[in-house]
Amino acid sequence: MAITREHIEKRTLPCIPMRGAVSFPNIPMNLEVGRSISKHAIDDAIANDSMIFLVCQRDATVDDPEMSDMYTVGTTAKIKQMMKADGGVYRVLVEPVERAVLEDIYKTKQGKMLLAEVMEKTVTFDDGGVVGEALVREINTAVKEFSKFIPKFSPDLRRVIESISDISMLCDFVAANMVAKIEDREELLSEFDPKRRANLLIFTLEKEKNVLSEEAKIHDEVRERMDKNQRDYYLREQMKVIREELGENDAFDDEDMADYAEKIEKSAFSDEIKEKLTKELKKLAKTPYGSAEGAVIRNYLDTCLEIPIGKFTKDRIDVDAARKILDDDHDGLDDVKERIIEFLAAQKLNPEHKNQIICLVGPPGTGKTSVASSIARAMNRKFIRMSLGGVRDEADIRGHRKTYIGSMPGRIITALVNAKTQNPLILMDEIDKLTSDAHGDPASALLEVLDGEQNKAFRDHFIEFPVDISNCMFITTANTLDTVPAPLIDRMEIIEMKIYTRSEKFSIARNHLIKKQAKRHGLDGRTFKISDDALYTLIDEYTHEAGVRQLERVIAKCCRRAAKQIVCGEKKTVKVTKDNITVYAGEERMHKDKILDRDEIGTVCGMAYTELGGEVMLVEALALSGNGKTELTGSLGEVMKESAQAAISYIRSCAEKLGIDPDFYKTKDIHVHFPEGAVPKDGPSAGVTIATAIASELSGIPVRRDVAMTGEINLRGRVMAIGGLREKTMAAYLAGVKTILIPEENRADMYQIMPVVKENVEIICISSVAEAIDIAFCTKPEASEKKDRADEISEYIQAPDIVQRQTRVDAKHAAV
């Protein structure tokens, strides 16, 4: 019959909290003590020949533990040996004696160490020999089974375990040496009854044995797979050698090879291309694994199989829906929108309609790139943009030969792969920025791409078989066509992106830019507004550009300053008006073109076209005593210099009719100057302006300040056609010009002139310089009334004031 006895005793002992360790009675253990409170506890116990209390912390990271940080059961122990090591660490040999329950823990008055109030409890078990022996055998059996999963289980440890007959001692010894988890060790320590402790130990060992068994299975499976892979690789290499010896190379020896073969078979390639890819696949099967050639072939096959042959997106044929999308995204740009609508209408009638290649030409900031994205959205096509600026290698377009390591396809094939469809909209941005060098001419490589008859079978150097890209819609952009080769221009439909007018900029800013920048800066229509007058001021006085990029930056500046005022609490809402615009946009203002304050001799108002739009340009002529030299200044190009020579020759031919001394070319030096000399100028359209200025200077007759003119001239004085009519006339109107003279040959282009210009400015078509002189001169030139330049200047100087001088000029004007 089993008998259980208990002995209980309360003690107050110095406490040593242990990190990651659990002590068991009668099992000696070594401690390294480094914490001050633990070292003081040891010193106190040695000084008073006292025992200590060892207890495990729940959280090993806590440096100053309290009652809640400790487990509830520990052991009382005797200090057998203590040695001080380097760094102030105590090395202590302790012998735990009995289990004890922690009831309270506190620091001494000095706070140097912890004292623990514990209840030491001893439970003995006398089983009469039968139950105890059965439990001992069961524990030994569990240890034996458990040790099978420990690679280097010590035989000495097994013999010691088998020699222990006391069940309590056996449980504690096995738990101290074979149980790893702190929670399990603490659970065994907390069980005072030896019988229940033995059962708990058997259960714990069985649980750990099952975990180790599963770990062993997983380890064996992993090792078996690794061995199998190595075996398969070895056999595969042997099979390759055998096939090479027998000449049998038709079989695929790899799952990847079979996968490639399946993809090739299911692809939409032609039989000829499938045969070529299959040959490459067989070549890959022969190459050693990991070789450079194998990597090249794999890259080639992967790229070829990614080409979306036979995959198309369905175009949006609804013309009204497409028009709405284009109108919502962009204001103006009617020519571009109409061209896209025409294409969609034609495709609706004929679904096979393709080969659309459009070139958008215009100054920076006029919306070329963004309108291409909008076109793709309107047509429901994938949009791919490739920047050609600075591209100088033909391989960028056609790809590299696949024989080289690191070779890749060109941008066209890459665009198809990225789009995952065979009919994307491909934007070739900045086509005028292409360059050429020893690596080839990329512009020449584009001849095949942008030719509707050739791109049905486009060959990339990397792919090496024809790919049909005729279903793609190509849109190119350029700032100028001067650097684009003529054969390339011939393959594209040119659409000129007009310079935005004042009203178009206002509409774009109101409908798009203000909303965009307000959202970007955390504002909305309630907290941030710009009045119409302020917006027109930003356009007229803070920007000078063809597009709206600079205007967007100025609006962003206003948004930033408004956001700062709102965040700082200065205002809750901000409205930018013409009166407070300097607070938000700053003082920086552009110089605004305007006509002269009065009519002058030798100064004529011309019109010029630049990348920023139209401009009013004054032409000044001065005749000086000399020997017939001609001086041209103002950073002029060769074409403009030749126009000036043609103008002088024409004036010489009709000098008498204009009341000019026929020998002026012998006695006068003529100086023609174009102000803003730092700005380069060129072009033939200033010919009529130069001729009029020289005629005014030599005849002494002033030119009307409110007349502007443009036109190229020949030696006979005929005025020939020019370009940029829309922009030039708008600039003249904004500068205050009342009469504009344009070549008769441009009469058919008058539809380009803005309605507001036609309503406020008189536009006269002229065919000769004589007509321009008759209209622009304040008085009609007559030989009999020829005056010397000095006499004319004297009249102006002798006038009592500017008002009288202007009255006399106006009287002459009225006579004309």
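Throughout, residues of each chain are indexed from 1 in the direction in which the sequence is written. Thresholds applied to this predicted model are a pLDDT of at least 70 for local features of residues and 80 or more for the giving and counting of side-chain atom pairs; totals over whole chains, interfaces and linings are not thresholded and use all residues. Side-chain descriptors were evaluated using all non-hydrogen atoms of the structure, hydrogens and water having been removed beforehand.

### What to know about the sheet that holds strand β7 (residues 357-361)
Okay, so step 1: Pairing within the open sheet is parallel, and its 5 strands lie in the order β8-β9-β12-β7-β13. Whereas interior strands pair on both sides, the edge strands pair on one side only; in this sheet they are β8 (383-387) and β13 (493-496). Direction aside, neighbouring strands of the sheet carry axes that sit 20° apart on average.
Okay, so step 2: Of the pairings in the sheet, the one linking β7 to strand β12 (residues 473-478) comprises 5 bridges and is parallel in character. From the neighbouring strand, Cys359 faces β12, where its bridge partner is Thr476.
Okay, so step 3: Helix α12 (residues 368-379) contacts β7, β8, β9 (425-429) and β12 of the sheet and is inclined by roughly 175° relative to β9. Only strands that DSSP links by at least two bridges are regarded as paired with each other. Runs of H or I in DSSP of at least four residues are treated as helices and runs of E of at least two as strands, each being numbered from the N terminus. To get an axis, a line is fitted to the C-alpha atoms, and for a helix only the part in contact is used. The angle between two axes follows their N-to-C directions and goes from 0 to 180 degrees. In what follows, residue pairs with any heavy atoms lying within 4.5 Å of each other are defined as contacts.

### Some details on unusual backbone geometry
Okay, so step 1: We note that Asn380 has phi near 60°; this positive angle belongs to a residue other than glycine.
Okay, so step 2: Along the polypeptide, Asn380 turns up in the loop between α12 and β8.
Okay, so step 3: Note on Asn380: relative accessible area 40%, which makes it partly exposed.
Okay, so step 4: Positive phi is not limited to glycine here, since Glu464 has a value of about 70°.
Okay, so step 5: Looking at the element boundaries, Glu464 is found in the loop between β10 (458-459) and β11 (466-467).
Okay, so step 6: Residue Glu464 is classed as partly exposed on the basis of its relative accessible area, which comes to 31%. Categorising residues by exposure relies on relative accessible area from a 1.4 Å probe, with only protein chains included: less than 20% of the type maximum marks a residue as buried, more than 50% marks it as exposed, and the intermediate range marks it as partly exposed.

### So, the layout of surface pockets
Okay, so step 1: Lining residues are those with an atom within 4 Å of a point, where the points come from a 1 Å grid over the protein atoms alone and group into cavities, where a 1.4 Å probe fits but cannot get out, or pockets, open sets with protein on both sides within 12 Å along at least five of seven lines. Grid points are joined across faces, edges and corners, and a volume is the space filled by probe spheres set on the points. When its volume is computed, the second largest pocket comes out at roughly 520 Å³.
Okay, so step 2: Looking at the second largest pocket, it is lined by 21 residues, and the ones nearest its centre are His330, Gly365, Gly367, Ser370 and Val548.
Okay, so step 3: Elements represented by at least two residues in the lining of the second largest pocket include exactly α12, α17 (502-520) and α19 (549-567).
Okay, so step 4: Here the lining of the second largest pocket gets 4 residues from one element, more than from any other, and that element is α17.

### Some words on the packing of helix α18 (residues 532-541) against α19
Okay, so step 1: As a packed pair, α18 and α19 sit with axes 10 Å apart at the nearest point and diverge in direction by 130°. In terms of their interaxial angle, α18 and α19 are classed as oblique. The two elements α18 and α19 meet at a crossing, and its hand is right-handed. Of α19, the residues touching α18 (which contributes Leu535, Leu538 and Ile539) are Leu551, Val554 and Ile555.
Okay, so step 2: Residues are grouped as follows: nonpolar covers Ala, Val, Leu, Ile, Met, Phe, Trp, Tyr, Cys and Pro; charged covers Asp, Glu, Lys and Arg; every other residue, Gly included, is treated as polar. Along the lines of polarity and charge, the residues of the contact of α18 with α19 split into 6 nonpolar, no polar and no charged. Reported orientations rely on four angle classes, namely roughly parallel under 35 degrees, roughly antiparallel over 145, roughly perpendicular from 65 to 115, and oblique for the rest. By definition, turning the near helix anticlockwise from the far helix through less than a right angle yields a left-handed crossing, and turning it clockwise yields a right-handed one.

### Some remarks on the packing of aromatic side chains
Note on aromatic pairs: each is described by the distance of the centres and the angle between the planes.
Okay, so step 1: In summary, the pairing rule links any two rings of Phe, Tyr or Trp, Trp by its six-membered ring, whose centres are within 6.5 Å, and it sorts them by plane angle into stacked for under 30 degrees, edge-to-face for over 60 and tilted for everything else. Overall, the coordinates contain 4 aromatic pairs when judged by the stated rule.
Okay, so step 2: Here the aromatic rings of Phe664 and Tyr665 are separated by 6.3 Å at their centres, their planes lie at 90°, and the arrangement is edge-to-face.
Okay, so step 3: Accessibility expressed as a relative area gives 30% for Tyr665, which makes it partly exposed.
Okay, so step 4: Directly above the aromatic system of Tyr90 lies the positively charged group of Lys39, at a separation of 5.7 Å from the ring centroid.
Okay, so step 5: As a reminder, the over-ring test applies to NZ of lysine and CZ of arginine, requiring each to be within 6 Å of the ring centre and within 35 degrees of the ring normal. If you follow Lys121 out to its NZ or CZ, it ends over the ring of Phe192, 5.1 Å from the centre.

### A few points about the environment of Pro702
Okay, so step 1: Mapped onto the secondary structure, Pro702 falls in the loop between α23 (687-699) and β20 (707-709).
Okay, so step 2: Look at Pro702 and you get buried, because its relative accessible area is 2%.

### Thoughts on the sheet that holds strand β17 (residues 613-625)
Okay, so step 1: Read from one edge of the open sheet, 7 strands run β18-β19-β17-β16-β20-β23-β24, paired in mixed fashion. The open sheet terminates on both sides in strands that have one partner only, identified here as β18 (630-633) and β24 (762-766). Strand after strand, the sheet turns through a mean of 25° between neighbouring axes, direction not considered.
Okay, so step 2: Inspection of the sheet shows strand β16 (residues 603-610) paired to β17 by 8 bridges, in the antiparallel sense. For Met607, the partnering residue across the bridge sits in β17 and is Val616.
Okay, so step 3: Sheet strands touched by helix α24 (residues 725-735): β16, β17, β20 and β23 (739-743). Its angle to β17, the strand with the most contacts, is close to 75°.

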